[in-house]
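# Structural overview for review
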Amino acid sequence: MARRKKIYEGKAKILYEGPEPGTIVQYFKDDATAFNAEKKAVIEGKGVLNNRLSEFFMTGLGQIGVPNHFIKRLNMREQLVRSVEIVPLEVIVRNYAAGTMSKRLGIEEGTQLPRPIVEYCYKDDSLGDPLVTEEHIAAFGWASQQDMDDILSLALRVNDFLSGVMMAVGIRLVDFKIEVGRVFDGDFHRLIVADEISPDSCRLWDIETGQKLDKDVFRRDLGDLKDAYTEVARRLGVMPKNTPPVTKPTLIN
Ligand code: CDP
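Below is a summary of the structure that appears in this document. Note that the structure is predicted; figures quoted are calculated from it, not measured.

### As for the pairing of strand E3 (residues 23-28)
The two faces of a sheet get side chains in turn, since along a regular strand they alternate between them. Burial analysis of E3 places 5 of its 6 residues in the buried class, which makes it a mostly covered element. Bridge analysis of strand E2 (residues 13-17) against E3 gives 5 bridges, and the strand direction is antiparallel. Of the residues in E3, the one forming a bridge with Lys13 is Phe28. As consecutive antiparallel partners, E2 and E3 are separated by 5 residues, and within that stretch Gly22 has a phi angle of approximately 80 degrees, a positive value.

### A closer look at helix H6 (residues 225-235)
Every buried residue of H6 is accounted for by Leu225, Ala228, Tyr229, Thr230, Glu231, Val232 and Ala233. Considering only its buried residues, H6 is in contact with strand E4 (31-34), helix H1 (46-63), helix H4 (145-167), strand E12 (171-185), strand E14 (202-206) and helix H5 (216-219). A side-chain oxygen of the first residue of H6 lies 2.8 Å from the backbone nitrogen of Lys226; this N-cap is Asp224. Phi turns positive one or two residues past the end of H6, at Gly237, with a value near 75 degrees.

### A closer look at the packing of aromatic side chains
The full count for this structure, using the stated rule, is 3 aromatic pairs. On the numbers, 4.0 Å between centres and 15 degrees between planes, the contact of Tyr122 with Trp142 is stacked. Of the two residues, Tyr122 sits in strand E10 (residues 112-122) while Trp142 sits in the loop between helix H3 (134-139) and H4, which places them 20 residues apart along the sequence. Here the two residues Tyr122 and Trp142 agree in accessibility, since each one is buried.

So, how was this worked out
Residues numbered from 1 in each chain as written. Predicted model: local features only at pLDDT ≥ 70, side-chain atom pairs only at ≥ 80, totals over all residues. Heavy atoms only, no water. Buried < 20%, exposed > 50% of the residue type's maximum accessible area, 1.4 Å probe, protein only. Helix = DSSP H or I, 4+ residues; strand = E, 2+ residues; numbered from the N terminus. Pairing = 2+ DSSP bridges. Contact = heavy atoms within 4.5 Å. Polar contact = N/O pair within 3.5 Å; in protein donor to acceptor, adjacent residues only side chain to side chain. Phe/Tyr/Trp six-rings, centres within 6.5 Å; stacked < 30°, edge-to-face > 60°.

Fair warning: the whole summary comes from geometry, so function is off the table for now.
Laid out in structure tokens, this is it:
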């Protein structure tokens, strides 16, 4: 079989040319990185879990009419997705203060925000994905005003969907990041959710205990990342029913 053409290799995924024009194969690696790749590790099985979890969230979003790039899962580590022109923004939605927002504004982690807050970061690892305003986005032409309206609407719909799905299994959606991309139809384009949605790009806390079930487990050395992601998958019914629950008593905030 001819070797597939690699289009791009990122920190957690590899993209290959897909079988049809306009498609891409997204391969989930086991690599974990944090602090702009200053901290690195290989977490065996993470790619398999994120492939399944991203499939689960993107499929659910599709079912409620939120357009996204997912076409189908191909195997344990790969999914077929639509190719898009990525908007160079990380779109962050926050329901509770945490991470950089807590640091920047001195708000205690876990403080509920009066309403969801959407932030934009310019996607550039060499700059550390700096926070930008809509003024920067318009001035530098990264997205039009129509794009920004669509991005905000997508981000808030994803937030409502994910918050509800998570709450149903006893998990608080603290914040998350999405990326969006353009698909073209003649002279027109529309925006769809792309990249991945997984515990790598969300903050997920157990509602009862506050246990962290996301990449902060790795960032802050709070325990076994694979156990945390497996627990999310188990609660959502994404992994086989007989996966035993992870009962680690520690890891509170
Ligand atoms: O995660 P960190 O503290 O560096 O940044 P944040 O701005 O507090 O991140 C908000 C949310 O976006 C978290 O759920 C992060 O996991 C996610 N994020 C991401 O997935 N990728 C990035 N490059 C930055 C943030």
